[in-house]
Each structure stands twice: as C-alpha cells, then as structure tokens.
Amino acid sequence: MILYRYFAFRYLKAFAGVFGVFGGIMLMIDVVEQINRFDSEEVGMPEVIQLSLLHLPSLMYPILPLVTILATLVLFLGLARSSELVVTRAAGWSGLRALVAPVGVALVLGILSVSIFNPIVAATSKQYESTVSRYATGKESVLSISQEGLWLRQGSPDGQTVIRASGTNLDGTKLVDVSFLTFTANGTPMTRIEAGSAELTPGAWVLKDAKKWPLLSSANPERDAKLFDEMEIPSDLTREEIRDSFGTPSSIPIWELPAFIDRLDRAGFSARQHRVWLQSELALPLLLVAMVLVGAGFTMRHTRFGGTGPMVLGALLMGFSLFFIRNFAQVLGENGQLPVYLAAWSPPIAATLLALALILHMEDG
C-alpha cells in the first residue's frame, strides 16, 4: 500500500501542477480579452477580473482530458529519470500494477469532475452570461422549461415582459396558448395578454386571437379588456438568443439534466443535444482513465533506452487525436448521424482498449 499511496500522491501532485499552470494562463488570456471587449470607463478592472474568474471554470472543464494526459507524462517521465520504475519492477511489480494508483486517481477525479465541478461550471456559466449581457446591452433575457410549459423573459430598461406558453416549435419562435405579462421598471404589473399563438418576427411578436387586459390604467381590467384578431408586441429577441438561452447543455447541472430533458420533450423541443451531452459527461471518468493509459503506454520506459522525445510526441499526438475524435463523435451524435450512446461511449472505450494493448505489448513484447 505504501507504493500505491506514493504513486497516487505523485500523480495528484502532477495533475494539480498542470491544472494550475493552465488555469493561470487561461485567466491571463481571458482578462486581456475582457479588457478589449468592454469600455474601460463602463467596466473597470475589478469587474473584468470578476468576469474572468466566472468564465475560468467553463474554460478549464473541457480541457480536463488534456490536463490528465500531460500530468501522466510528467509523472512517468519523472519516475523514469529517477529510476523509480526500474526499482518498482525489480520489486516484482508489473507495469499494469504500477498503473493502478494513477488510474484510480484519474477515475476519482473524473467522478468528482462530473458530480461537483460540472454543477459549478453550470452555475458560473449562467452568471457569466447574465453579467456580460447586462454590461453589453443593459438587459437580459431568460428562457426556462418547467412542468407548466415554457417560460421566457425579455427585458429592457423600461421594464420586463414574462412570456408563458404551453407548447412551441423546435427553436422557440412559435408559441401556442401563450400569455404575456408586462411589468414596469419598478415591478408593477402593467398589462396582461392572452393569445392562441405567437410567432417571433424581426422586431416583434405577432399574436393571433389575442385578448389584452390593462392592469395599471384601469379600475376594472375585465371591463376594459380588448380583443384582437392580430396584434404585435415589440421585441428585440432573435431565434439564436432564444435557442442559446436554454440550448447550451453545459449551462445545466448534470443532476438536473435528466428532468430538463423530459421537460424539453414535453414542451416540443428536440433534446438530442442534451442527451449526447449527458452521456458524454457520464463517460468522462472513463475518458480520463484512457488518457492515463495512453500517456503511460508511451512513457513507461527507462530514459537510457533513448527516444524519449519521439515517445512523448507520440503520446501527445494520440491524446490530442482522442480528444478530437471524442468531440467529433459528439457533434455527429448531436446532428443525428450517430446513435447517442455510440457517440458518447465509443471513443473512451476504444481508446482504453487500444492503450491497454499498447501497454501489454510494451511490457511483454
């Protein structure tokens, strides 16, 4: 157990070092981008740093597989230079036994990333997008899917409009059984509109079979209500803004994702992208394990054999290739060209089996 703990500690230390270096680099780059993005008179340096810190988790989370393989290279190159791997083999340990601790640490890190880091990324991403929208336009729009249907909020400096619909098309631009509730800037209800349908056009919602109640300017809103065969409500929302308000799976904590997928199905949206993301997240621990095996397969050699540079380059190329193939398969799954489970699980499973074959070949010939 002493050797297991030693290898686990060394790998965890290497992972923390690589993660910290990448985090520092990403933070500095993002600070520069935020400074260039906003006017310094409106958004000061404290706000820029806050934005960058909110954005940092979403920048680091996708590159966890690359951090994993780099940490593996750091670990085994260090063990090879100090001849600790030679001593370990002389003590009767095979290469696969020496991999138990790093693989276990990678598996635990993957599980913690999915169960803890993923919700953190979702929360900070939402806060980041909301803050950026407020700094850039002075308003924000939010869409959510609940048991009662679809809820959308469009905002402006003059007030807010809350929209509820029982159903919609795939991109949220055509609503069925819809109601609009408009509030003033101080939160006082101003008007209520019920309509059979609403369609988003450039600059406005076009409502059919609508009824409008004046809530602020009338003592008897029902008496003063008006019927319209067709009416327009100004809006600067676009199809892309509505889709992006709810369509980014990474902005939803993994614990809430299955229920959200069910609500999307009931509301009439396509949830395929979210299903692929959910399965890809569940496969992340196995992907990190595959990255450890790939890195170890190329570097579990003594440095006196030479060729360390080409072996490290080969490990990096294979790791980057696996990272690309995984993302490519995910895109194919989101487009419907691959089944959901095949798109999410086949890259890490195939990489794990290939890396194991490579290690067995390097160990036993």
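To start, this report covers the structure provided alongside it. The model shown is predicted, which means the values in this text are computed figures rather than measured ones. The residue numbering used here restarts from 1 in each chain and proceeds along that chain's sequence as written. With the structure being a predicted model, the display of local features is reserved for residues of pLDDT at least 70 and the display and counting of side-chain atom pairs for 80 or more, all residues being used for whole-chain, interface and lining totals. Excluded from the side-chain calculations are hydrogens and water; all other atoms, namely the structure's heavy atoms, are used.

A few words on the packing of aromatic side chains. Only Phe, Tyr and Trp rings are paired, with Trp represented by its six-membered ring, and only when their centres lie within 6.5 Å; those with planes under 30 degrees apart are stacked, over 60 edge-to-face, the remainder tilted. For the structure on display, the rule yields 6 aromatic pairs. An angle of 50 degrees between the planes, with centres 5.9 Å apart, marks the rings of Tyr-6 and Phe-7 as tilted. Note on exposure labels: buried denotes an accessible area under 20% of the residue type's maximum, exposed denotes more than 50%, and partly exposed covers the range between, all computed with a 1.4 Å probe on protein chains only. Since its relative accessible area comes to 31%, Tyr-6 is described here as partly exposed. Assessed through its relative accessible area of 2%, Phe-7 is described here as buried. One aromatic cluster is present, built from ring pairs that chain together Tyr-11, Phe-15 and Phe-19.

As a further point, take the environment of Val-48. Here a helix means four or more residues in a row that DSSP labels H or I, a strand means two or more in a row labelled E, and each is numbered from the N terminus. One can find Val-48 in helix H2 (residues 45–60). For Val-48, a relative accessible area of 3% gives the class buried. Along the primary structure Val-48 and Arg-37 are separated by 11 residues, whereas in three dimensions their C-alpha atoms are 9.7 Å apart.

Further remarks concern the side chain of Thr-161. Its place among the elements puts Thr-161 in strand E3 (residues 159–168). On the accessibility criterion, Thr-161 (10% relative accessible area) is buried. When sequence neighbours within four positions are dropped, the list of residues in contact with Thr-161 reads Leu-152, Arg-153, Gln-154, Phe-180, Leu-181 and Thr-182. Contacts are assigned to residue pairs with any non-hydrogen atoms lying within 4.5 Å of each other.

Residues other than glycine seldom take positive phi values, yet Asp-177 does so here, at roughly 50 degrees. By secondary structure assignment, the location of Asp-177 is in strand E4 (residues 174–184). On the basis of relative accessible area, Asp-177 is assigned to the partly exposed category, the value being 39%. We note that Asp-209 has phi near 55 degrees; this positive angle belongs to a residue other than glycine. Counting through the fold element by element, Asp-209 comes out in strand E6 (residues 204–214).

This part covers the pattern of salt bridges. By salt bridge we mean one thing: a side-chain nitrogen of Lys or Arg within 4 Å of a carboxyl oxygen of Asp or Glu. Within the structure shown, the criterion is met by 5 salt bridges. One salt bridge connects Glu-194 with Arg-192, and the closest N-O pair in it is separated by 2.8 Å.

On to a nonpolar patch on the surface, then. Among the surface-exposed residues, Leu-96, Ile-349, Leu-353, Leu-356 and Leu-360 lie close enough to one another that they form a single nonpolar patch of about 400 Å² accessible area. Per-element tally for the nonpolar patch: the top contributor is helix H12 (residues 340–364), with 4 residues. Relative to the assigned elements, Leu-96 resides in helix H5 (residues 95–98). Only residues whose relative accessible area exceeds 30% and that take part in no salt bridge are eligible for patches, with like-charged residues grouped when within 9 Å of each other and nonpolar side chains (Val, Leu, Ile, Met, Phe, Trp, Tyr) grouped when within 5 Å. Surface accessibility in these figures is a Shrake-Rupley result with a 1.4 Å probe; residues are shielded only by whichever protein chains are displayed.

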